Amino acid sequence: MAFHKILMVSSEAGPYARTGGLGDVLGALPGELARQGHQVKVVVPGYGTIDRKRFGISRYGKPFAVKIDGNVVSTMLERAEVAKNGAEYLFVDNQAFFGRPEFYIDPKTGDDYVDNDLRFAFFARAALQAMKAINWRPDVIHAHDWQAALIVVLLKSVYKDDPFFADCKTVFTIHNLGYQGLFEAERFEKLGLPEELMYAMTGALEFYEKTNFLKGGVMLADKVTTVSEQYAEEIQSDDEFGCGLEGVLSDRSEDLTGIINGVDYTLWSPQKDKKTPSKFNLSNLSGKRTCKVELMGKAGLPIRDKVPLVGMVTRLTSQKGVDLLVEAAEDVFDMSLQLIILGTGDEEYHKALKELEAEYPDRLKVYLEFNDELAHSIVAGSDIYLMPSKYEPCGLNQLYALKYGTVPVVRKVGGLADTVVDYDADSGTGTGFVFEEYTAEAFVEGLERAVELFKRRQLWVKLLKAGMRQDYSWTSSASRYSALYDSVVAE
């Protein structure tokens, strides 16, 4: 394996700025790549919500110019004082674009910021200009999701004759195809990109008379990856999963790879977790009961040891199967279980879940918030973890749950299918419960199987320990990315 200079560009990176899985990945993968010998820099927007004092973030280098919407903007980089596991984190400082209370959504309207196209077009240009400003020439630029996709487009158009990037290769990773960066076509000229990118049928950014950032990344990157092998197949062959881009993705099939996400076990391990009330491990599970009791006490639920506590930490959207839960609520609460849900999302599900909480006050607790510490407590303290997703590119929560001995109930889709093995009653093997059809009936049947096995303590402990033995650390996945970088640089 050769060592390379890797630039990662993303709209999120934990712990500095994260809303979920994307931030988790960019908080862990760069450090693992650095540990394997690569030089890694990560560029993230310098959001106003980032705690600069806590992370020792300060100005870095000299100002540089970025063109956007016909204007030239003087811009600065910031840098975290300490490299995270050997990876250096840089931040694009522009408070007009990034000094806002939320990353993507305007809290005043509940809709996306109207200038998200300009914000992330600026971000992509700034990331490239920043490398020239600090004179750091990457071998590979690895862009993540639609917010960074214009990096790829710029390198193949505006910067195609720039000698600084002459030998630079590109990798583009799709974390969730459901979010593509779609904007009205009449705003395209503000991006300062060649007109041919919007030609109908052939243009890399044209999508049913709109501008599609993610499509540009898929069409023009040297290599494309997504976050599980199953999802890589699904998005090429099925219009439900392909979200209108299945043809484009199928055309890139030779250059499209599925690499499962890993877990940062320094943050997500029941033996080390600083956010849970008690630690535990395979040989001593007593701390798991402590976590359960503390969690139920906090939630105001009666403590019932013989009844499984079911946890769900998720975006409250139909993608995550919340509609199945609402539809099947009567059957779910006919079972002997208690349920804690944490998340935010669509208002209709906020309302429906709060109504169910009022109907089943001793069985259900709903937290409508983003709370990382509570998320850890739910994963550690629950007996069963729910992920009935309509689609799931990778999923990380089922991997966290496995490590904490919290048995996942999942739909056989995307990364869930790749990482959870359905329990076989005859052999006693498996790591969770898997159902196939996206129906309330199939969901209820999968959950019922888990609830029934919970009554058989010896078999249940054997199952949860099988999950705890699973290893989804970043070492293996990062090695696959390293091999991909080798191949793209060699080409």
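This text goes with the structure placed above it.
Residues numbered from 1 in each chain as written. Predicted model: local features only at pLDDT ≥ 70, side-chain atom pairs only at ≥ 80, totals over all residues. Heavy atoms only, no water.

Pulling in residues and values, what's your account of the sheet that holds strand β18 (residues 433-435)?
Spatially, the 6 strands line up as an open sheet ordered β15-β14-β13-β16-β17-β18, and their pairing is parallel. At either margin of the open sheet sits one strand with a lone partner, and together these are β15 (364-367) and β18. Adjacent strand axes in the sheet meet at a mean angle of 15 degrees, parallel and antiparallel pairs treated alike. Sheet analysis places strand β17 (residues 407-411) next to β18, joined by 3 bridges and oriented parallel. The residue bridging valine 410 from the neighbouring strand is valine 434, located in β18. Sitting on the sheet, helix α13 (residues 347-359) is in contact with β14 (338-342) and β15, with an inclination near 145 degrees to β15. (Pairing = 2+ DSSP bridges. Helix = DSSP H or I, 4+ residues; strand = E, 2+ residues; numbered from the N terminus. Axes fitted to C-alpha atoms, helices over the stretch in contact; angles between N-to-C directions. Contact = heavy atoms within 4.5 Å.)

So what's going on with the state of the cysteines? Which residues, and what values?
Think of a disulfide as a covalent bridge from one cysteine sulfur atom to another cysteine sulfur atom. Scanning the entire structure with this criterion turns up 0 disulfides. Here cysteine 243 stays free of any disulfide, with the sulfur of cysteine 394 as its closest cysteine sulfur at 17 Å. Taking relative accessible area as the criterion, cysteine 243 reaches 27% and is therefore assigned partly exposed. (Disulfide = S-S within 2.5 Å. Buried < 20%, exposed > 50% of the residue type's maximum accessible area, 1.4 Å probe, protein only.)

An account of helix α1 (residues 21-35) is needed here, citing residue identities and associated values.
Note on helix geometry: an α-helix contains 3.6 residues per turn, so any two residues three or four positions apart are oriented the same way. Taking 1.5 Å as the rise per residue, α1 with 15 residues should run 21 Å; its terminal C-alpha atoms sit 21 Å apart, in good agreement. Counted residue by residue, α1 has 13 buried out of 15 residues, so it is predominantly covered. Phi turns positive, to about 120 degrees, at glycine 37, one or two residues after α1. (Expected span 1.5 Å × (residues − 1).)

Describe in detail the nonpolar core, supporting the description with residues and values.
Counting 174 residues, the largest nonpolar core has Phe443 and Leu447 as the members making the most contacts within it. Here this core takes 11 residues from helix α4 (residues 116-133), the largest share from any one element. (Core = buried A, V, L, I, M, F, W, Y, C linked by side-chain atoms within 4.5 Å.)

How would you sum up the layout of surface pockets? Please name residues and give values.
Where empty space is left in the structure can be found by rolling a water-sized probe over the atoms. Space inside the second largest pocket adds up to approximately 310 Å³. Lys292, Asp305, Asp383, Phe454 and Arg457 are, among the 13 residues lining the second largest pocket, the residues nearest its centre. If you list the elements that add at least two residues to the lining of the second largest pocket, you get α10 (286-299) and α18 (457-468). (1 Å grid on protein atoms, 1.4 Å probe; cavity = no way out; pocket = protein on both sides within 12 Å on 5 of 7 lines; lining within 4 Å. Points joined across faces, edges and corners; volume = space filled by probe spheres on them.)

Kindly report on the side chain of glutamine 180, identifying the contributing residues and their values.
On the secondary structure map, glutamine 180 appears in the loop between β7 (169-174) and β8 (182-184). The buried category is assigned to glutamine 180, whose relative accessible area is 7%. Not counting the four nearest positions on each side in its chain, glutamine 180 is found in contact with Trp146, Phe207, Asn212, Phe213, Leu214, Gly242, Cys243 and Leu245.

Could you give an account of the sheet that holds β8, with specific residues and numbers?
Spatial strand order, β8-β10-β9: 3 strands in an open sheet with antiparallel pairing. Two strands close off the open sheet at either side, each with one partner strand: β8 and β9 (206-207). Here β9 runs beside strand β10 (residues 210-212); their pairing, made up of 2 bridges, is antiparallel. Residue pairing for β10: glutamate 206 is matched across the bridge by threonine 211.

Explain helix α14 (residues 372-381) to me, and be specific about the residues and the numbers.
Judged by how many residues are buried, α14 sits mostly within the fold: 8 of 10 residues are covered. Within the sequence span of α14, burial applies to Leu374, Ala375, His376, Ser377, Ile378, Val379, Ala380 and Gly381. Of the surrounding elements, those touching the buried residues of α14 are α10, β13 (309-313), β14, β15, β16 (384-387) and α15 (397-403). Here α14 starts with a cap whose side-chain oxygen sits 3.2 Å from the backbone nitrogen of glutamate 373, and that cap is asparagine 371. (Polar contact = N/O pair within 3.5 Å; in protein donor to acceptor, adjacent residues only side chain to side chain.)

Outline the pairing of strand β3 (residues 57-68), listing residues and values.
Moving residue by residue along a regular strand, the side chains alternate between the two faces of the sheet. Pairing geometry for β3 and strand β4 (residues 71-80), over 9 bridges, is antiparallel. Pairing of isoleucine 68 across the sheet is with asparagine 71, part of β4. Linkage of β3 to β4, two consecutive antiparallel strands, is achieved through a turn of 2 residues, within which aspartate 69 is found at a positive phi near 50 degrees.

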